[in-house]
Amino acid sequence: MTIRFNVGAATDSGRVRDINQDAYVVKADAVAVADGMGGHRAGDVAARIAVETLDRSFTEPTFESLSGSFGLANAEILGRAAIDPELHGMGTTMCAVAIVQHEGATGLGVVNVGDSRVYRLGHGEFVQLTEDHSLVESMVREGRLTAAEAEVHPQRNIVTRALGANENVQVDQFFFPAIDGDRYLLCSDGLSNEVPDEALAQMMAKIADPNELVHALIDAANSSGGRDNITCVVLDVSTGESGTRPSSSAPVGVVTPASGTPESAPAPAREEAAPPPDPAVPPAPKRRWWRKG
Ligand code: MN
C-alpha cells in the first residue's frame, strides 16, 4: 500500500496581532503546525525551530524518529534560549501527522504537545484526535469546568506542556490506519478558539480542494474576530485501496513520553499531570505553565 498526501496549508496573523508566531511545515510524508509563545519575537523563533527541526530530523518512518524530532526541537529551543536573553522563556506547541510503521503496520502517526489540534473527517465522522495540554482542559477532565465554560475561560490560553518548557518533554502519540479518503486537519488555537467544531466539520465536508479549504477556514476565523494567529494544514489521504475502518475510532497506538534525545535509552514512566489549582484562584506562576499571547 502506498500512502499519499494531498495537502493544503496556510497561515495568517489574524486581525489583531502584528506578528505571526505560528509556523508549519509540509513534507512528502509529514506535516506539522507549531504555535510559539514568548515575548517580543521569541515565540516565532521557537515555532520556527520546532518545524525546521522536524523537517530535518524526521527521516525514518517510525515513532522514534517522529517523536525524537520533538525531543530534538525541545533541546534546540532550550539551548537557544539559554544563550540569548531576548529568547529566554520562549516555547511552542507542535502537532504532527506523518506516515509511520507501528507494530508491523504502516499508517498515520499523530504526535502532539500543547494545544494545537489534530482533527479527522472520515466516513462522515469529525473527531478531535488530540487532547489539549491546557489548564482548562485539565479542569474539564476533573469535572471542574464544563466544555462550554472552558471555551470562554479567561485562562484558556495557559498550556501545561510545551516544547522549551523543561528538559524532559512528554508528547502524546497515536497511531491510526491509513484510510483512503480520510481528511486530517491540523490547526493552531487561533482557528479552534474562533470557529466551533460543527462549523469546522461542515467546511471540511463541503470544500473539496484542500488549498481552497485552508483559506476558507482562515477567513472564518478572521470573520469571528481573528484575535490570534491562525494556521491550518489540511491533509487528504489516498492509498489507492478501499480500506475498512476498524469499528472503534479510538487510537490503536499508545501514549508515551518522548525521550529527550532519540538515542537515549528507556523512556521514563509517564507522569500524571499535576492537579489543576482551584479554579477560583489564579495559578501561581510556575515554569511549567505557559501563558500564550
Ligand atoms: Mn495561538
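You'll find the structure just up there.
Now for a quick tour of the structure. Source: prediction; values computed, not measured.

Non-glycine residue Glu103 carries a positive phi angle of around 50 degrees. With respect to the helices, strands and loops of the structure, Glu103 is situated in the loop between strand S4 (91-102) and strand S5 (105-113). Positive phi, close to 50 degrees, is recorded for His123, a residue that is not glycine. Examined against the element boundaries, His123 turns out to sit in the loop between strand S6 (117-122) and strand S7 (125-128).

Relative to the elements of secondary structure, Asp55 occurs in helix H1 (residues 42-57). Beyond its immediate chain neighbours, meaning those up to four positions away, Asp55 contacts Val25 and Lys27.

Another point: the coordination of the manganese ion. Coordination sphere of the manganese ion, protein contribution only: Asp35 (OD), Asp189 (OD) and Asp228 (OD), at 2.1 to 2.2 Å. If you list the donors of the manganese ion from N- to C-terminus, the spacing comes out as D-x153-D-x38-D. Residue Asp35 is located in strand S3 (residues 30-37), and its partner Asp189 is located in helix H5 (residues 189-192); the two are separated by 154 residues in the primary sequence. Note on Asp189: relative accessible area 4%, which makes it buried.

So, on to the packing of H1 against helix H2 (residues 63-83). Axis separation between H1 and H2 bottoms out at 8 Å; the angle between their running directions is 140 degrees. Judged by the angle between their axes, H1 and H2 are oblique. Judged by the sense of rotation from one axis to the other, the crossing of H1 with H2 is right-handed. Where H1 abuts H2, its residues Val45, Ala46, Ile49, Ala50, Thr53, Leu54 and Ser57 lie against Ser65, Leu66, Ser69, Phe70, Leu72, Ala73, Glu76, Ile77 and Arg80. Across the contact of H1 with H2, the residue classes tally to ten nonpolar, four polar and two charged.

Rules behind the numbers
- Per chain, residue numbering runs from 1 following the sequence as it is written.
- Only residues with pLDDT of at least 70 are given local features in this predicted model, and only at 80 or more are side-chain atom pairs given and counted; all residues enter the totals for whole chains, interfaces and linings.
- Based on all heavy atoms of the structure, the side-chain values leave hydrogens and waters out of the count.
- In this description a helix means any DSSP run of H or I spanning at least four residues, a strand means any run of E spanning at least two, and both kinds are numbered starting from the N terminus.
- Contact definition: two residues touch when any of their heavy atoms are within 4.5 Å.
- Note on donors: an N, O or S atom is included if it sits within 2.8 Å of the metal, or within 3.2 Å for Na, K and Ca, and water is never included, so sites can look incomplete.
- Burial classes follow relative accessibility: with a 1.4 Å probe on protein chains only, a residue under 20% of its type's maximum area counts as buried, one over 50% as exposed, and anything between as partly exposed.
- Here an axis means a line fitted to C-alpha atoms, over the contact stretch when the element is a helix, while the angle between two N-to-C directions is reported on a 0 to 180 degree scale.
- Orientation labels follow simple angle bins: below 35 degrees gives roughly parallel, above 145 gives roughly antiparallel, 65 to 115 gives roughly perpendicular, and whatever is left gives oblique.
- In this scheme the crossing of two helices becomes right-handed for a clockwise turn of the near helix relative to the far one and left-handed for an anticlockwise turn of less than a right angle.
- Three categories are distinguished: nonpolar for Ala, Val, Leu, Ile, Met, Phe, Trp, Tyr, Cys and Pro, charged for Asp, Glu, Lys and Arg, and polar for the others, with Gly belonging to the last.

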